[in-house]
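The residues making up each chain are set out below.
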Amino acid sequence: MSSTKLLSVLSVLFFMLWQETPAFSQACTTLGQTPATAFPVCGSATFTQSSVPACVNSTVEAPCSSGTGNIYQDLNPYWYKFTCFTGGTLALTITPKNLDDDYDWQIFDVTGRNPSDVYANDPSLLVACNWSGLKGVTGTKSNAASLYECGSTNNYNPPIFSKMPTLIQGHNYLLLISHFTGDQQSGYDLSFVGGTASITDTVPPALKEIRPICDGSRIRVILNKKMKCSSLASDGSDFAISPAVAQPTQATGNSCSTGFDMDTVTLTLSNGMAPGAYSVVMKNGRDQNTLMDNCDAQIPVGASLPFTIVAPQPTPFDSLTPPKCAPDVLQLVFKDMMKCSSIAANGSDFVVTGPTAVTVVSANGNCDADGLTNVILVHLSAPMVTGGNYQIRLVTGLDGNTVINECGLATPLGEAIPFIMKDTVSADFDYQVHLGCIQDTIDLSYSDKNGVNQWTWIFDNTDTSRVHDPERRYNVFGNKKVQLIVSNGLCSDTATKIIPLDNAINAAFEAPNILCPKDGASFKNATTGHVSSWSWDFGDGTGSTDSLPQDHFYPLIGAEKKYTVTLIITNNLGCKDTAAQQIDVLKSCYIAVPSAFTPNGDGFNDYLYPLNAYKADNLEFKVYNRWGQLVYTSRDWLSKWDGTVGGHPQPPGTFVWTLQYTDRDTGKKIFQKGTTVLIR
């Protein structure tokens, strides 16, 4: 991705793209193009995406965005979801069908989070990314330089591969793949081969629970994990009832209208069933398979699960999804489907008590087309940030009832569910810097508070450490980026600091390479760093301790001599650095043209040119033969006439020369002429 992928905060509303790619304003509606409808992927298979509809959702936080005023967006995206079953490094390869396509990607850790939180500009979700503008195959490699590669600029294209991130067992992840090239879609292959992490669920798919509904004319089949909607025969032919007192006539997956996988199937039967013992039996449906998980493993034919139909009972109030950190919503889960119309919209069916006051302000269900839900969301007036033991209790709401199941039976009031909250945490850390001449050391420390038991340190976006108080040593000085992510198992926080290692010193100066006698040598100190002392040696037995010494005049000895000027600098740590340069002090800078020259190749007086023209600006030297013909001209005094014209040696004799120049010291224009003898 070029710098056009970076959106200025001032232009976020416009999503301006500078390249020849059109700016898309169409929202994404295709399944898989939003985080909530992400494709489930399995590490054991290659996922092929044949085309990518053009659209855009919103902006996402990228590691290169923070503090820069630039934001990245999911342009022409597809989203993928997976779970880490064995911790380790993740190998990821995206192979475009057209290798001239530019695909970018980013991985988010959404454990315990809503998928839409990827748009919340929360850096704690970031795992790895690559937004390089280079085209072709992209992904992760073990020998790549950084977890995070940002967008290209006019002067630099970051590497197209990023370092393999380390996944955590049990965590859930979202992968964004954004097609930046434009609306010419060729698709790509996505594979996960080569890392040490496993995102392949090896648990065999199975029936988990059967729940009859009211009179037994419908039953819910609960699966042990997510399974493909595409593997479900809509006529219910994947299932049979034993004994065969009723036949399935329809099967519906609980989330197949908004996604690709399901964990519950509702079966409609040909008739109701009397109270008694029954079983659901799996068989190959009209689609020639049973149900398949996201890795294409099938529930075995003949697998069965018993269930009992009894007279309808009130639904117990006994399940609460473990709250996330600082929740402002509590999620109740019911065994049966509940009537959404029985939920008091103001939340008065529920009371929360604990160490601090908690106020319920509203409640709602995830209601389906029949007005039923098995989840009720209880909204609070503010996030719960104080740890301790709490409980949520069911009471009679202002609507005159508790909550009522689909069979018309109310859950008894007064039932309560206890739960434990943990305090929010801070990742703020301390450090001490120990500066040295060759190596600097940073001692990092974190004071545990509020039950923090996990620490992840990230150094310059490349190296990581999970040591509580790590030590880092650097041989290359400068600003070092240190990031700490902490967690107490529920709440997490991230802190980033730039630590300056500013003890680098570099001795450097500028001086003339050639110096005329009686001229002073001027010095320009180009030293960098925090320097406490300077020691100059001018090479003639004299020196200076000034940072910028005065012009130095060398002794007049009547001969050319070379002097070596040395500068030694020291900082307050006693570290030293040295720079040296040679100055050639000339015998004379008097400009003269020889009266004779002998171009015979013996190395002595072989050329004719103005001598010592070190201070001559705008110089022009010309030579004429005895007939006044111009035989040589030059504007560079170091260019020399070898006594030839067009490669032909000129005969011995007298030649006339002219010389004009501007004296650099006085600015005076000088014109001279004379004769010289060519001797052979």
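This text follows the structure it describes.
Summary of the structure given here. These numbers come from a predicted model, not from an experiment. (Residues numbered from 1 in each chain as written. Predicted model: local features only at pLDDT ≥ 70, side-chain atom pairs only at ≥ 80, totals over all residues. Heavy atoms only, no water.)

1. Comments concerning the overall build of the chain
Part 1 of the argument: The helix and strand tally for the chain stands at 0 helices and 52 strands.
Part 2 of the argument: For the chain, whose C-alpha radius of gyration is 41 Å, the value lies well above the compact-globule estimate of 26 Å for 680 residues.
Part 3 of the argument: Counting only residues that meet the buried cut, the chain has 45% of its 680 residues in that class.
Part 4 of the argument: The long-range fraction of contacts in the chain, counting pairs at least 24 apart against all pairs at least 6 apart in sequence, stands at 65%.
Part 5 of the argument: Each charge sign in the chain was given a centre, from 44 positive and 61 negative side chains, and these centres are 7 Å apart. (Helix = DSSP H or I, 4+ residues; strand = E, 2+ residues; numbered from the N terminus. Rg over C-alpha atoms; globule rule 2.2 N^0.38 Å. Buried < 20%, exposed > 50% of the residue type's maximum accessible area, 1.4 Å probe, protein only. Contact = heavy atoms within 4.5 Å. Lys, Arg positive; Asp, Glu negative; His and termini not counted. Charge placed at Lys NZ, Arg CZ, Asp CG, Glu CD.)

2. Details of the state of the cysteines
Part 1 of the argument: Evaluated as defined, the whole model comprises 8 disulfides.
Part 2 of the argument: Residue pairing for Cys229: its cysteine sulfur links by disulfide to Cys256, the two sulfurs lying 2.1 Å apart. Its torsion about the S-S bond being -90°, the disulfide of Cys229 and Cys256 is classed as left-handed. Remark: Cys256 occurs in the loop between strand E20 (248–253) and strand E21 (261–269) and Cys229 occurs in the loop between strand E18 (218–228) and strand E19 (239–242); sequence separation between them is 27 residues.
Part 3 of the argument: Residue classification places Cys256 among the partly exposed residues on the basis of a relative accessible area of 24%. (Disulfide = S-S within 2.5 Å.)

3. Details of the sheet that holds strand E31 (residues 440–445)
Strand pairing in a sheet takes place through backbone hydrogen bonds and is either antiparallel or parallel in direction.
Part 1 of the argument: Sheet architecture is open: 3 strands sit in the order E30-E31-E34, paired in antiparallel fashion. Looking at strand neighbours, the two that pair on one side only are strand E30 (430–434) and strand E34 (471–474), the edges of this open sheet. Looking at each pair of strands side by side, their axes are set apart by 20° on average, direction ignored.
Part 2 of the argument: Bridge count for E31 against E34 is 4 bridges, and the pairing is antiparallel. In the strand pairing of E34, Ile442 is matched with Arg472. (Pairing = 2+ DSSP bridges. Axes fitted to C-alpha atoms, helices over the stretch in contact; angles between N-to-C directions.)

4. Let's talk about the layout of surface pockets
Part 1 of the argument: Here the second largest pocket defines a volume of roughly 1,100 Å³.
Part 2 of the argument: Together, 39 residues line the second largest pocket, and Asp109, Ser124, Ile168, His171 and Ile485 are the ones closest to its centre.
Part 3 of the argument: Put simply, the parts of the chain that give the lining of the second largest pocket at least two residues each are strand E10 (126–130), strand E32 (454–459), strand E35 (478–487) and strand E36 (492–501).
Part 4 of the argument: Here the element with the most residues in the lining of the second largest pocket is E32; it accounts for 4 residues.
Part 5 of the argument: Among the residues making up the lining of the second largest pocket, the classes are represented as 18 nonpolar, 14 polar and 7 charged. (1 Å grid on protein atoms, 1.4 Å probe; cavity = no way out; pocket = protein on both sides within 12 Å on 5 of 7 lines; lining within 4 Å. Points joined across faces, edges and corners; volume = space filled by probe spheres on them. Nonpolar A, V, L, I, M, F, W, Y, C, P; charged D, E, K, R; others polar.)

5. Details of the pairing of strand E17 (residues 207–213)
Part 1 of the argument: Pairing geometry for E17 and E18, over 6 bridges, is antiparallel. Note on E18: the bridge partner recorded for Pro212 is Ile219.
Part 2 of the argument: In textbook terms, the turn of a hairpin is the stretch between consecutive antiparallel strands, and for E17 and E18 this stretch comprises 4 residues, one of which, Cys214, has a positive phi near 50°.

6. Section: unusual backbone geometry
Where the residue is not glycine, phi is negative for most of them; where a peptide bond is considered, it is trans in most cases.
Part 1 of the argument: Pro243 follows Ser242 through a cis peptide bond whose omega is -5°.
Part 2 of the argument: Here Pro243 is to be found in the loop between E19 and E20.
Part 3 of the argument: Notably, Asn450 is not glycine yet its phi reads approximately 55°, a positive angle.
Part 4 of the argument: For Asn450, the position within the fold is in the loop between E31 and E32.
Part 5 of the argument: The phi angle at Asn612 is positive, at roughly 60°, despite the residue not being glycine.
Part 6 of the argument: Position of Asn612 among the secondary structure elements: in the loop between strand E46 (596–597) and strand E47 (616–624).
Part 7 of the argument: Given the relative accessible area of 22%, Asn612 is considered partly exposed.

7. A few points about the packing of aromatic side chains
Part 1 of the argument: Under the criterion given, the structure shown has 28 aromatic pairs.
Part 2 of the argument: Residues Tyr103 and Tyr188 carry aromatic rings whose centres are separated by 4.9 Å and whose planes lie at 70° to one another, so their mutual orientation is edge-to-face. Placement of the pair is Tyr103 in strand E9 (residues 103–109) and Tyr188 in strand E16 (residues 188–191), with a sequence separation of 85 residues. Considered together, Tyr103 and Tyr188 belong to a single accessibility category, that of buried residues.
Part 3 of the argument: When the centroid spacing of 6.3 Å and the interplanar angle of 65° are considered together, the rings of Phe509 and Phe523 count as edge-to-face. With Phe509 in strand E37 (residues 509–510) and Phe523 in the loop between strand E39 (520–521) and strand E40 (524–525), the pair connects residues that are 14 residues apart, well separated along the chain.
Part 4 of the argument: What links up through ring pairs into an aromatic cluster is the set Phe597, Phe621, Tyr632, Trp641, Phe655 and Trp657.
Part 5 of the argument: Taking NZ or CZ as reference, Lys141 lies 4.3 Å from the ring centre of Phe161, over its face. (Phe/Tyr/Trp six-rings, centres within 6.5 Å; stacked < 30°, edge-to-face > 60°. Lys NZ or Arg CZ within 6 Å of the ring centre and 35° of its normal.)

8. Points about the pairing of strand E11 (residues 138–141)
Part 1 of the argument: Sheet analysis places strand E8 (residues 93–96) next to E11, joined by 2 bridges and oriented antiparallel. Counted as the bridge partner of Ile94 is Thr138 from E11.
Part 2 of the argument: Pairing geometry for E11 and strand E13 (residues 161–163), over 3 bridges, is parallel. Paired with Lys141 across the bridge in E13 is Lys163.

9. With respect to the nonpolar core
Part 1 of the argument: The biggest cluster of nonpolar side chains holds 42 residues, and the ones touching the most others in it are Tyr80, Phe108, Leu175, Ile177, Tyr188 and Leu190.
Part 2 of the argument: At the level of elements, strand E6 (77–83), E9, E10, strand E15 (172–179) and E16 are the ones that each hand at least two residues to this core.
Part 3 of the argument: Among the elements that make up this core, the one with the highest residue count is E15 (5 residues).
Part 4 of the argument: Beyond its immediate stretch of four places on either side in the chain, Ile177 contacts Asn76, Pro77, Tyr78, Tyr80, Ile94, Tyr103, Asp104, Trp105, Tyr188 and Leu190.
Part 5 of the argument: By size, the runner-up hydrophobic cluster in this structure holds 25 residues, among which are Met227, Val265, Leu305 and Ile309. (Core = buried A, V, L, I, M, F, W, Y, C linked by side-chain atoms within 4.5 Å.)

10. Side note on the pattern of salt bridges
Part 1 of the argument: Under the counting rule described, the total for this entry stands at 23 salt bridges.
Part 2 of the argument: The partner of Asp293 in a salt bridge is Lys225, with the nearest N and O atoms 2.7 Å apart. Residue Asp293 is located in the loop between strand E22 (276–282) and strand E23 (304–309), and its partner Lys225 is located in strand E18; the two are separated by 68 residues in the primary sequence. For the pair Asp293 and Lys225, one class covers both residues: buried.
Part 3 of the argument: A salt bridge links Asp617 to Arg664; the shortest N-O distance between them is 3.0 Å. Linking Asp617 in strand E47 with Arg664 in the loop between strand E51 (653–663) and strand E52 (669–678), this pair joins segments that are 47 residues apart in sequence.
Part 4 of the argument: What emerges from the salt-bridge pattern is a single network uniting Arg113, Asp117 and Asp122. (Salt bridge = Lys/Arg side-chain N within 4 Å of Asp/Glu carboxyl O.)

On their own, these measurements won't tell you what the molecule is for.
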